[in-house]
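Per-entry structural report
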Amino acid sequence: MRMIDPHIHMTSRTTDDYAAMAAAGIAAVVEPAFWLGQPRTRVGTFEDYFLSLIGWERFRASQFGIRHFCTIALNPKEANQQPLADEVIALLPRYLEKDGVVAVGEIGYDDVTAAEEKAFERQIALAREHDLPVLVHTPHRDKKRGTERSLDLVRAAGFPVERVLIDHNNEETLPGVLDSGCWAGHSIYPNTKMDEQRMVALVKKFGVERIIINSAADWGVSDPLKVPKTAAAFRDAGIAATDIEIVVWRNPIAFFSTSGRMDLRDLEAQPGIDQRELWEGNSVLRGQAPRVGR
Ligand SMILES: [Zn+2]
């Protein structure tokens, strides 16, 4: 079964991960712009990061037969750093125009501060101006309240709920997100947040409409194969193959294709691999024979 991992930070992952993901059926990824584990000190490092998301990382994925899309934003954590936050937001319009950018994200709350709220509102306005959907991160601490507040902000902004993906849901937040009309993402993590069996229970209880799963794998303890592993858990639990396909393929494509930059038919045509290709003179190979074909 073809799958998409609609929230994964591939910049932090290895070529072995790309190879294992492709072998497990992952045909495409969405890489949201986020923080790097420590605060950036100048706007230029944000700019180089955005350039790598639409450039080198996209090329790197293609070398393993995986299509790469990204979302661009000032992340909630770094929204608290002034005046840098304003400089980054001023930079965004240029990047929201680029090919392969399928949403504004991750935006939202981290510590639920006034600065985060301001950045959240300003970036929702940017999404409207650029006719893009938004990917909303929800806080790890006090998640229920943070999620409700995010939904309130989206409603107050009058942003169309069908173009909002609220991410990192759990049993507590999912009912409210589904009621709101927004899409609901779930990050399947080793040990924390959400796991395969809890996700099976959620799909059995709530169905598959507007339900999305991802690995949210990054530089921390995480697993880039959590989408295929959860699909296997769905199958073992007797969930119909058509429903599994809706969660791991059709839903994320339906959501992100409203950007006009992700196309189902294009995704269904399996891309070829040509590891002889170079990106600005650089290759992913270290002297190995290049793989060419499918
Ligand atoms: Zn993330």
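As shown above, the structure is provided for reference.
**A few points about the coordination of the zinc ion**
Surrounding the zinc ion are the protein donor atoms His-7 (NE2), His-9 (NE2) and Glu-106 (OE), which sit 2.0 to 2.2 Å from the metal. Binding-site remark: the zinc ion is held by donors from one chain whose sequence spacing is H-x1-H-x96-E. One end of the pair, His-9, is in the loop between strand 1 (3-5) and helix 1 (15-23); the other, Glu-106, is in strand 4 (residues 101-108), and 97 residues separate them in sequence. Accessibility classification places His-9 together with Glu-106 in one group, the buried group.

**Details of the pairing of strand 8 (residues 211-214)**
Taking every second residue as pointing to the same face, both faces of strand 8 are buried, with Ile-211 and Ile-213 on one and Ile-212 and Asn-214 on the other. The pairing of strand 7 (residues 183-187) with strand 8 spans 4 bridges and is parallel. Looking across to strand 8, one finds that His-186 is bridged to Ile-213. Crossover strand 7 to strand 8 through helix 8 (residues 196-206) is right-handed.

**A short note on the sheet that holds strand 4**
If you trace the 8 strands from one edge of the open sheet to the other, you get 1-2-3-4-5-6-7-8, paired in parallel fashion. The open sheet is flanked by strand 1 and strand 8, the only strands paired with a single partner. Sheet twist, expressed as the average angle between the axes of neighbouring strands with direction ignored, equals 25°. Bridge analysis of strand 1 against strand 2 (residues 26-32) gives 3 bridges, and the strand direction is parallel. Within strand 2, the residue paired with Ile-4 across the bridge is Ala-28. Lying on the sheet, helix 2 (residues 43-54) is in contact with strand 2, strand 3 (67-72) and strand 4; it crosses strand 3 at an angle near 150°. Strand contacts of helix 5 (residues 114-129): strand 4 and strand 5 (134-137), with the helix running at about 160° to strand 4, the strand carrying the most contacts.

**Topic: the nonpolar core**
Buried together is how nonpolar side chains tend to be arranged in soluble globular proteins. If you look at the biggest cluster of nonpolar residues, it comprises 91 residues, and the most contacted ones within it are Phe-50, Ile-72, Met-199, Phe-234, Val-248 and Met-262. For this core, the element with the most residues is helix 4 (residues 84-96), which contributes 8 residues. Discounting residues that sit within four places of it in the chain, Phe-234 has contacts with Met-199, Val-200, Val-203, Ile-213, Ile-239, Ile-244 and Val-247.

**Some thoughts on the packing of helix 8 against helix 9 (residues 226-236)**
Packing of helix 8 against helix 9 leaves a shortest axis separation of 9 Å and a crossing angle of 55°. Classified by the angle their axes make, helix 8 and helix 9 are oblique. As for the relative orientation of helix 8 and helix 9, their crossing is right-handed in sense. Contacts from Glu-196, Gln-197, Met-199, Val-200 and Val-203 of helix 8 reach helix 9 at Lys-226, Lys-229, Thr-230, Ala-233 and Phe-234.

**Focus: the packing of aromatic side chains**
Taken as a whole, this structure holds 11 aromatic pairs when the rule is applied. Where Trp-35 meets Trp-219, the ring centres are 6.1 Å apart and the plane angle is 80°; that geometry is what we call edge-to-face. Separated by 184 residues along the polypeptide, Trp-35 in the loop between strand 2 and helix 2 and Trp-219 in the loop between strand 8 and helix 9 bring together distant segments of the chain. Taken together, a centroid distance of 5.4 Å and an interplanar angle of 85° make the contact between Tyr-109 and Phe-120 edge-to-face. Pair noted here: Tyr-109 is in the loop between strand 4 and helix 5 and Phe-120 is in helix 5, with a separation of 11 residues, a long-range link. For the cation-ring pair, Arg-40 lies above Phe-46, with the distance from its terminal atom to the ring centre recorded as 4.0 Å. Its guanidinium or amino end placed over the ring of Tyr-95, Lys-98 lies 5.8 Å from that ring's centre, counting from NZ or CZ.

**As for the environment of Glu-121**
Among the secondary structure elements, Glu-121 is positioned in helix 5. Sequence spacing of Glu-121 and Ile-107 is 14 residues, and the spatial spacing of their C-alpha atoms is 9.2 Å.

So, how was this worked out
Residues numbered from 1 in each chain as written. Predicted model: local features only at pLDDT ≥ 70, side-chain atom pairs only at ≥ 80, totals over all residues. Heavy atoms only, no water. Donors = N, O, S within 2.8 Å, 3.2 Å for Na, K, Ca; no water. Helix = DSSP H or I, 4+ residues; strand = E, 2+ residues; numbered from the N terminus. Buried < 20%, exposed > 50% of the residue type's maximum accessible area, 1.4 Å probe, protein only. Pairing = 2+ DSSP bridges. Right-handed = clockwise from strand over helix to strand, strands pointing away. Axes fitted to C-alpha atoms, helices over the stretch in contact; angles between N-to-C directions. Contact = heavy atoms within 4.5 Å. Core = buried A, V, L, I, M, F, W, Y, C linked by side-chain atoms within 4.5 Å. Parallel < 35°, antiparallel > 145°, perpendicular 65-115°, else oblique. Left-handed = near helix turned anticlockwise from the far one by under 90°. Phe/Tyr/Trp six-rings, centres within 6.5 Å; stacked < 30°, edge-to-face > 60°. Lys NZ or Arg CZ within 6 Å of the ring centre and 35° of its normal.

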